[in-house]
Protein chains: 6
Amino acid sequence: MGSAAQEQASRAAPCEASGHSYESLLVTPAEKHILHVQLNRPDKRNAMNKAFWREMVECFNKIAQDSDCRAVVISGAGKMFSSGIDLMDMASNLLQPEGDDVARISWYLRDLISRFQETFSVIEKCPKPVIAAIHGNCIGAGVDLITACDIRYCTQDAVFQVKEVDVGLAADVGTLQRLPKVIGNQSLVNELAFTCRKMMADEALSSGLLSRVFPDKELMLDSALALAAEIASKSPVAVQSTKINLLYSRDRPVAEGLNYMATWNMSMLQTQDIVKSVQAMMEKKDAKSVTFSKL
Amino acid sequence: MGSAAQEQASRAAPCEASGHSYESLLVTPAEKHILHVQLNRPDKRNAMNKAFWREMVECFNKIAQDSDCRAVVISGAGKMFSSGIDLMDMASNLLQPEGDDVARISWYLRDLISRFQETFSVIEKCPKPVIAAIHGNCIGAGVDLITACDIRYCTQDAVFQVKEVDVGLAADVGTLQRLPKVIGNQSLVNELAFTCRKMMADEALSSGLLSRVFPDKELMLDSALALAAEIASKSPVAVQSTKINLLYSRDRPVAEGLNYMATWNMSMLQTQDIVKSVQAMMEKKDAKSVTFSKL
Amino acid sequence: MGSAAQEQASRAAPCEASGHSYESLLVTPAEKHILHVQLNRPDKRNAMNKAFWREMVECFNKIAQDSDCRAVVISGAGKMFSSGIDLMDMASNLLQPEGDDVARISWYLRDLISRFQETFSVIEKCPKPVIAAIHGNCIGAGVDLITACDIRYCTQDAVFQVKEVDVGLAADVGTLQRLPKVIGNQSLVNELAFTCRKMMADEALSSGLLSRVFPDKELMLDSALALAAEIASKSPVAVQSTKINLLYSRDRPVAEGLNYMATWNMSMLQTQDIVKSVQAMMEKKDAKSVTFSKL
Amino acid sequence: MGSAAQEQASRAAPCEASGHSYESLLVTPAEKHILHVQLNRPDKRNAMNKAFWREMVECFNKIAQDSDCRAVVISGAGKMFSSGIDLMDMASNLLQPEGDDVARISWYLRDLISRFQETFSVIEKCPKPVIAAIHGNCIGAGVDLITACDIRYCTQDAVFQVKEVDVGLAADVGTLQRLPKVIGNQSLVNELAFTCRKMMADEALSSGLLSRVFPDKELMLDSALALAAEIASKSPVAVQSTKINLLYSRDRPVAEGLNYMATWNMSMLQTQDIVKSVQAMMEKKDAKSVTFSKL
Amino acid sequence: MGSAAQEQASRAAPCEASGHSYESLLVTPAEKHILHVQLNRPDKRNAMNKAFWREMVECFNKIAQDSDCRAVVISGAGKMFSSGIDLMDMASNLLQPEGDDVARISWYLRDLISRFQETFSVIEKCPKPVIAAIHGNCIGAGVDLITACDIRYCTQDAVFQVKEVDVGLAADVGTLQRLPKVIGNQSLVNELAFTCRKMMADEALSSGLLSRVFPDKELMLDSALALAAEIASKSPVAVQSTKINLLYSRDRPVAEGLNYMATWNMSMLQTQDIVKSVQAMMEKKDAKSVTFSKL
Amino acid sequence: MGSAAQEQASRAAPCEASGHSYESLLVTPAEKHILHVQLNRPDKRNAMNKAFWREMVECFNKIAQDSDCRAVVISGAGKMFSSGIDLMDMASNLLQPEGDDVARISWYLRDLISRFQETFSVIEKCPKPVIAAIHGNCIGAGVDLITACDIRYCTQDAVFQVKEVDVGLAADVGTLQRLPKVIGNQSLVNELAFTCRKMMADEALSSGLLSRVFPDKELMLDSALALAAEIASKSPVAVQSTKINLLYSRDRPVAEGLNYMATWNMSMLQTQDIVKSVQAMMEKKDAKSVTFSKL
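Residues numbered from 1 in each chain as written. Chains lettered and ligands numbered in written order. Predicted model: local features only at pLDDT ≥ 70, side-chain atom pairs only at ≥ 80, totals over all residues. Heavy atoms only, no water.

With respect to the overall build of chain A
A count of helical and extended segments in chain A gives 12 helices and nine strands. By the compact-globule yardstick of 19 Å for 295 residues, chain A fits well, its C-alpha radius of gyration being 20 Å. A principal-axis box enclosing the C-alpha atoms of chain A has dimensions of 70 × 45 × 40 Å. Of the roughly 9700 Å² that chain A leaves accessible, carbon and sulfur atoms contribute 51%. Averaging the positions of the 32 positive and the 35 negative side-chain charges in chain A gives two centres separated by 3 Å. (Helix = DSSP H or I, 4+ residues; strand = E, 2+ residues; numbered from the N terminus. Rg over C-alpha atoms; globule rule 2.2 N^0.38 Å. Areas by Shrake-Rupley, 256 points an atom, 1.4 Å probe, with all protein chains shown as cover. Lys, Arg positive; Asp, Glu negative; His and termini not counted. Charge placed at Lys NZ, Arg CZ, Asp CG, Glu CD.)

Points about the environment of Glu16 of chain C
Residue and element names in this part refer to chain C. Along the polypeptide, Glu16 turns up in the loop between α1 (3–12) and β1 (25–29). For Glu16, a relative accessible area of 38% corresponds to the partly exposed category. Separated by 191 residues in sequence, Glu16 and Ser207 have C-alpha atoms that sit 36 Å apart. Those residues in contact with Glu16, other than ones at most four positions away along the chain, are Ser21, Tyr22, Leu26, Val27 and Pro29. (Buried < 20%, exposed > 50% of the residue type's maximum accessible area, 1.4 Å probe, protein only. Contact = heavy atoms within 4.5 Å.)

A word on the interface of chain D and chain E
Taken together, the contact between chain D and chain E spans 43 residues of the former and 49 residues of the latter. Taken together, the two surfaces of chain D and chain E that pack against each other cover about 3700 Å², and 65% of this comes from carbon and sulfur. Among the secondary structure elements, those contributing two or more residues to the side of chain D that touches chain E are α3 (87–95), α4 (102–125), α6 (175–182) and α7 (186–195) of chain D. The biggest single contributor to the side of chain D that touches chain E is α4 of chain D, with 10 residues. Of the residues contributing to the side of chain D that touches chain E, the split by class is 22 nonpolar, 13 polar and eight charged. (Buried area = accessible area lost by both parts, 1.4 Å probe. Nonpolar A, V, L, I, M, F, W, Y, C, P; charged D, E, K, R; others polar.)

Considerations on the relation of the copies chain C and chain F
Laying chain C over chain F is done by rotating through 180° and shifting 0.0 Å along the axis; what remains is an RMSD of 0.0 Å. Here the two chains are linked by the operation of a two-fold rotation axis. Within chain C, Arg252 of chain C has its C-alpha nearest the rotation axis, a separation of 7.4 Å. Looking at the interface residues of chain C, 100% of them are also at the interface in chain F, so both copies use one shared face. (Least-squares fit on C-alpha atoms with pLDDT ≥ 70 in both.)

Some points on the interface of chain C and chain F
If you look at the interface, chain C gives 28 residues, while chain F gives 28 residues. Across the chain C to chain F interface the summed buried area is about 2100 Å²; carbon plus sulfur atoms make up 60%. The largest contributions to the chain C side of the interface with chain F come from Arg104, Trp107 and Arg110 of chain C, which together make up 34% of the buried area. On inspection of chain C and its partner chain F, the count reaches two salt bridges. Linking chain C with chain F are 16 residue pairs in polar contact (both at pLDDT 80 or more), by the criterion used here. For the side of chain C that touches chain F, the secondary structure elements donating two or more residues are α4 (102–125), α10 (236–250), α11 (254–268) and α12 (272–282) of chain C. (Salt bridge = Lys/Arg side-chain N within 4 Å of Asp/Glu carboxyl O. Polar contact = N/O pair within 3.5 Å; in protein donor to acceptor, adjacent residues only side chain to side chain.)

What about the sheet that holds strand β7 (residues 159–161) of chain B?
Residues and elements named next belong to chain B. Strand order in this open sheet of three strands is β5-β7-β8, and the pairing throughout is mixed. Among the strands making up the open sheet, the edge pair consists of β5 (137–139) and β8 (198–200). Across this sheet, the average inter-strand angle for adjacent strands is 20°, counted without regard to direction. Note: β5 against β7, three bridges, orientation parallel. Directly across from Cys138, in β7, lies its bridge partner Phe160. (Pairing = 2+ DSSP bridges. Axes fitted to C-alpha atoms, helices over the stretch in contact; angles between N-to-C directions.)

Remarks on the packing of aromatic side chains
Throughout the structure, instances matching the rule amount to 51 aromatic pairs over all chains. With a centroid separation of 6.4 Å and 55° between ring planes, the pair formed by Phe52 of chain D and Phe120 of chain D is classed as tilted. Here Phe52 of chain D is found in helix α2 (residues 50–65), whereas its partner Phe120 of chain D is found in helix α4, with 68 residues between them in sequence. Like Phe120 of chain D, Phe52 of chain D is buried. Residue placement shows Arg252 of chain E over the ring face of Tyr248 of chain E; its charged tip is 3.7 Å from the ring centre. (Phe/Tyr/Trp six-rings, centres within 6.5 Å; stacked < 30°, edge-to-face > 60°. Lys NZ or Arg CZ within 6 Å of the ring centre and 35° of its normal.)

So, the pairing of strand β4 (residues 130–134) of chain E
All names here are of chain E. Taking burial as the measure, the five residues of β4 include five buried ones, the bulk of the element. In terms of strand pairing, strand β3 (residues 71–76) meets β4 through four bridges, oriented parallel. Each residue of the ladder has a partner; that of Ser75, found in β4, is Ala133.

Focus: the packing of helix α10 (residues 236–250) of chain D against helix α11 (residues 254–268) of chain D
Residues and elements named next belong to chain D. Orientation of α10 relative to α11, taken along the N-to-C sense of each, is 160°, at an axis distance of 10 Å. When the interaxial angle is binned, α10 and α11 end up roughly antiparallel. Viewed along their axes, α10 and α11 form a crossing whose handedness is right-handed. Where α10 abuts α11, its residues Val237, Ser241, Ile244, Asn245, Tyr248 and Ser249 lie against Glu256, Gly257, Tyr260, Met261, Trp264 and Met268. (Parallel < 35°, antiparallel > 145°, perpendicular 65-115°, else oblique. Left-handed = near helix turned anticlockwise from the far one by under 90°.)

Here we look at the sheet that holds strand β3 (residues 71–76) of chain A
Residues and elements named next belong to chain A. Spatial ordering of the open sheet is given by β1-β2-β3-β4-β6-β9, a layout of six strands whose pairing is mixed. Taken across any chain shown, the strands that pair with only one partner, and hence form the sheet edges, are β1 (25–29) and β9 (212–214). Sheet twist, expressed as the average angle between the axes of neighbouring strands with direction ignored, equals 20°. In this sheet, β9 lies alongside strand β6 (residues 151–155) in parallel orientation, the contact comprising three bridges. Each bridged residue has a counterpart across the sheet, and for Cys154 the counterpart in β9 is Val213.

What to know about the pattern of salt bridges
Tallied over the entire structure, the rule returns 114 salt bridges over all chains. A salt bridge links Arg252 of chain B to Glu256 of chain E; its shortest N-O distance comes to 2.3 Å. On the criterion of chain membership, the pair formed by Arg252 of chain B in the loop between α10 (236–250) and α11 (254–268) and Glu256 of chain E in helix α11 (residues 254–268) is interchain, its members lying in two chains. Notably, a salt bridge pairs Asp251 of chain C with Arg250 of chain C, separated by 3.2 Å at the nearest N-O pair. Judged by its relative accessible area of 17%, Asp251 of chain C is buried.

Thoughts on unusual backbone geometry
Residues and elements named next belong to chain A. Despite not being glycine, Asn46 has its phi angle at roughly 50°, a positive value. Along the chain, the position of Asn46 falls in the loop between β2 (34–39) and α2 (50–65). We classify Asn46 as buried; its relative accessible area is 3%.

Re the relation of the copies chain D and chain E
For the pair of chain copies, the relating operation is a rotation around an axis with a shift along it. At an RMSD of 0.0 Å, chain D and chain E line up after a rotation of 120° and a shift of 0.0 Å along the axis. Here the transformation between the copies is reduced to the relation of a three-fold axis. When C-alpha positions in chain D are compared against the rotation axis, the closest is assigned to Gly184 of chain D, at 2.3 Å. By residue overlap, the copies meet through two different surfaces: only 7% of the interface positions of chain D are interface positions in chain E.

With respect to the side chain of Ser277 of chain A
Among the structural elements, Ser277 of chain A can be located in helix α12 (residues 272–282). With relative accessibility at 6%, the residue Ser277 of chain A sits in the buried group. In this structure the side chain of Ser277 of chain A is engaged in a polar contact, spanning 2.7 Å, whose partner is the backbone oxygen of Asp273 of chain A. Sequence-distant contacts of Ser277 of chain A, defined by excluding residues within four places in its chain, comprise Phe292 of chain A together with Asp166, Val167 and Gly168 of chain C.

Description of helix α4 (residues 102–125) of chain E
All names here are of chain E. Across its 24 residues, α4 extends 33 Å between first and last C-alpha, which sits within 8% of the 34 Å expected from 1.5 Å per residue. The largest bend along α4 reaches roughly 40° and is located at Thr119. Within α4, 19 of the 24 residues are buried, which leaves it mostly tucked inside the rest of the structure. (Expected span 1.5 Å × (residues − 1). Bend = angle between axes of the 7 residues up to and from the residue.)

With respect to the side chain of Arg104 of chain F
Of note, Arg104 of chain F is situated in helix α4 (residues 102–125). Residue classification places Arg104 of chain F among the buried residues on the basis of a relative accessible area of 5%. There is a polar contact of 3.0 Å between the side chain of Arg104 of chain F and the side chain of Asp273 of chain C.

A short note on the pairing of strand β4 (residues 130–134) of chain A
Remember that side chains alternate between the two faces of the sheet whenever the strand is regular. Residue and element names in this part refer to chain A. Side chains of β4 alternate between two faces, with Val130, Ala132 and Ile134 and Ile131 and Ala133 buried alike. Where β4 meets β6, four bridges bridge the pair, whose relative direction is parallel. In the strand pairing of β6, Ala132 is matched with Arg152.

Focus on the state of the cysteines
Residue and element names in this part refer to chain A. Under the counting rule described, the total for this entry stands at zero disulfides over all chains. Cys196 carries a free sulfur, and the closest cysteine sulfur to it, the one in Cys138, is 14 Å from it. For Cys196, a relative accessible area of 3% translates into the label buried. (Disulfide = S-S within 2.5 Å.)

Notes on the environment of Lys163 of chain A
All names here are of chain A. Structurally, Lys163 is set in the loop between β7 (159–161) and α6 (175–182). Using a relative accessible area of 23% as the deciding quantity, one classes Lys163 as partly exposed. Excluding its chain neighbours within four sequence positions, the residues that come into contact with Lys163 are Ile139, Gly140 and Cys196.

Rendered as structure tokens:
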């Protein structure tokens, strides 16, 4: 077991991060400036129940405002990342929706879907980089979740499955929107979405879904936390400006992205972080020795 | 020869699908809910003549309205998928266009190009998944065609060539628009488009143009039909909603795609297909045993 | 050393292309219709100084108007492609910007960033295909530059590094806008941008950043020039229309791209280049024997 | 009664325009190059029945291809322009839609709405200018129709009513999309759409819905036909290019519209119509004496 | 004093609407299904203080979820509608913003502006029609507020002033975005925004900012409440679908709006409200006698 | 004659603004911070010749960079504003365009049109407000020019004419893109564009094209200069930020405009101009007494 992961493991139990108390999630401080968010219903295979859909929004909105946090790792407690939506818990909402006629039931359902979409969109809206560390099954809404993260690592035993068509519906909380923008093989995206077939770690890596694959969960978590630490050592103005502008540009023409970038950086270039970074570079100091103000 | 392909081969001759009678295409029912569309001018290397440009539109508009069809396989009869546009047949349209002055000739040509574009756009507008099964040459307009399909399989001997620049024009019926959104290597897209060089199956696979490569046509067709059968066994509401929303989202920001998806599914979640699918899942029945209403 | 590269090397010294006299760039005619642009401050590791930011605009605007030029190769003189921005030379602009208050400093900086963005956008605005030939380090603004090129070749020793976050800022001259549209692994894009880690040639190739990797600079330049020659032998109407429409379509929905393409080609299809190309094809002549008018 | 209107009235009965035979419409040639389309179910207050929704598409698609037609006037036969949708005739489609479950009924309805939208969108897709000449009631779908026309004239007794909310639905065939882009008072648009109140000719004029108001139908038709004749005397390349680009620009940023315009006119400026027009101007000839080729 | 206004006035004091208790706002039930929201700091000329910016969001989010409410009137208590932002109360936020360097201050300010923008955007996000009833001064942020409303009525003594430039800043909470889409004279919009000159009721009416002008506040409130009552008597499915689609279409091309509308109405046309409305129409009953289910 | 106009008239002759020497334009300093640009070929009715198309770009690019200038008035010397394009001078470009075949002629023409479009787009790109003061004829390209200005004043004798269709072409330098966004009566826009009929000052005012109409040129110029002086007395950060954001928002959805505005103002709110303005306000000083730094 890698040192960071061990540390993390031993620290996880006692040390819930302040202000982050949930039923379905466990949020623990990892190294300095890093939060580790765990899907935490291991006996339910981290199935996403009503509490989860609500708590993710609360959790990531808090992280977005947490000027001490600079990077987030998200993983699943127990044997897998997530088996997806908890159909038992959600059945009443989805199968017996409220409303006096079709129009009113539809109105209710639209509201519900929109709120579920928000559960994963908060990951993107949070300007801190979010690294998904996936082991075992990552099914249905699990795929919706990880496509909203910035970087994806997984273990060799990871299995990805766009499962919604098997339940009789089109995936409606993000996979159909984000997966095609995340990987570079649309024939594969379509195949996965239409057939619900499983995709193993190797295919996921070569398709571009992942950055790296690891032999086991400890090594993966170690590396994810090390990556988070690397990111957390950099200027938060630089890192978070990068995330915001990458997402802005994903959805727009290059010229629009450049215009916004120039408008963004006209103030951000006046940060002390540049002065500190350049100075450290000139003096050949370790970048990690630089202390940046909170953001 | 695989069983499905054999069946298909033996059935092809006698059994043109009802209402689908064409000069340049052969449409045959494959397994239940599946249509097999073949480019059918094998002695002309499936070159696309005037009849083809018109008949594709008619064919896919009919399939779009065919509530019995749930998936389509498109392949080429004879030695190759397609050698592209039939220059001999089309020369009069393209090289001696009508019109009293440059403006009027241009007006005529624009109309012509728009209609040719429609020939492949109908594949996207048809909500049933379309699988391209490619063997041998797939040249020029053949590439335009397959980039409008949802999933691409090919044989080891397949050759892809964006040929238009060699004829003195920029590809104008879809390749320049769709190929870059289909694969994840824009340096390669540009190289192929500027040089007209051939790309073999292996490079096409690794670039993300394809889902899979097969040793020969029989195996490929078998697999394509099996894939179509797999898709056809699922809820048509789920599958066709997925296709429509994948294409909607391809062309828009993530937030726009999510908004549309929520509005789409507010009615689609009221389908009996979900109830049937969940029930089968609870009762551990084979999903293929479920019967879904037509769509 | 390949013959084209040798020729190029021997010719480079004496023969600056007419009208192309710069401090930071060396522009030489290579084969017919081809210009070779070299970043030419080898003793400064081709760091981008004030002259560079200005001269690139001048250089590519001239090339865009040069009806004799049909393709461009861009490479770095000396030991590497480019070490990125020349911090020493630029420090006064960036670290002591002009202005009486924050708003006026911001106004000044926005103007500056916009002009720097233009330095690489001119590569896209130039309708001639531009091939980047990269050896050794390609750091920071070097990555911004190559993502604005159409095709990328590199040597085995090439190293790519999105460096801006290490200097305390978000990359603002193109990388965040173009890199994600160039390659098909967004997890990797994010990782590179957040961590500033180095990416070697092999990973760059498999990620889709490059078309090809070569053992050394001579072979690479030979191949890049041969590729340019191949492109230069084709109809300039066809090639340049292709570049313009690929870029137009990159930033827009497929249907928008098709509409523009039809409007574009309604005049371009009236070119003599098609007649010449088809004739050569019919007479089985070598395409390279055809002479196309200037554009 | 004005002379053109008289002529028109006397000519209308005998002289259906060739190829334009409909149940719900009467299409007659007016002056040279002009077609007059009348909603022609006067005893049913020109209510829009099934035939109408289909025939409008057929009619305007034919006009779009009719190289002899240069302008269209659309009016209502009998006592009013139109009382809107024919609820009796359409009830089965709308109130007892087909389908086995809510999802399938929705699918069917979406298809139906899309086809109804096309009924008015064909007016925009037709490049010939279309002038609506409105007298008496213009209710519900009548408003959807006229907002898709290019120019609107009406009589003093005209009454406009966005009626859909009174029937329990949001207007879905164009009013909500087009009316706000047609007039410059959004407070008024909202009021009309929410309350279904009637708007009289004077308010309609001052709000910008109309170009002109006339005391009676004869004067209005005379003027509309004179306007059409004026338009028909101009270069069809100029006029139709103008319509296409006005509509293109309505839906896009100014810079996008300018780009498209430049690409459009690069061929259209090569028309003989400019030479003829300039020559007539130099020679001080009446512009109407110039003969332009068909388009 | 009109009856509805009298009723309202007498009722206002005792009867705060349930769940709507605020410092800066007074929300009272008016007639059935109608809420009257008053800016309620009359002694401070309804200047917008910190409480206001927060409470508007809370208030309109509640109204959006209130299935009993079908229309909203918003007005100012006391002598005027609003004098705009409360500079005294807000000075610390705006003039002494938090942050260690320019970048961090900017980050803080952007967050603040975004939250202020939300204060008025909630009016648009609320699907119930909102009628602004303006008397006396409507200055600065008051104009931002009313441009986010659906319908505007005012008294003869109303004065409108885009005031921000006089304070040294560009209006950043909505006026620059919404005013030009609300009225049809952009020359006037620019003049108002650059000069901060006052615009009186008559000019505001003729420019299209308003639907109607009234001699005094009582008559205006009476009419606004009568208008709200009229709207509240209609199908809420129809009315709220209309608001949502008008706003959707405002920001998009016509074709996009039509596509969304068709997808929206595929479920909404299955409402019982249509059946009830059509039935009442057939039976010539008063529409107001129909009872629609809550939404 | 008004005092400002007199002053201006007497000053015009001797006093060309420094650095602004042109053939077709006369640029003179008016009051402090104001430049007066005159179309200055009165004997040619201010027809736009080759020099004009080039000099406007030079002129407004200089003004954009002129930190002393805060507002611009543009008018025509002599008897009218402008008779539009100078067909004699431009004929060779337009009627005998260069190029070996249709494609190459088209390429040349597209380049030409794009450059002509730039001639008016520079007015929008210049962040200083530009007021058009129009007397007499404003024909053809004159209309293209004034629609690119921010505010329009005219005299009672002004005549507007969209003239291009009469010359056989669709207006391609801005009218079709900007006029419909400037005024709120699209029926009128279409009528003007299709028929080339003249529009007098009163109709232009009521249609929303203008802010005000004046009895004669002196009064108009006086008022335009007074308006410019009013604008020039305000914070240049506030005014120019307003222009940039009004134009940004014109072309985009409200939410996009708000996002950009927040990003823009995160730095601009840190200006000293706010402090100075608020202070003056508190101390009840005349706003014009405040001195703002250059921008």
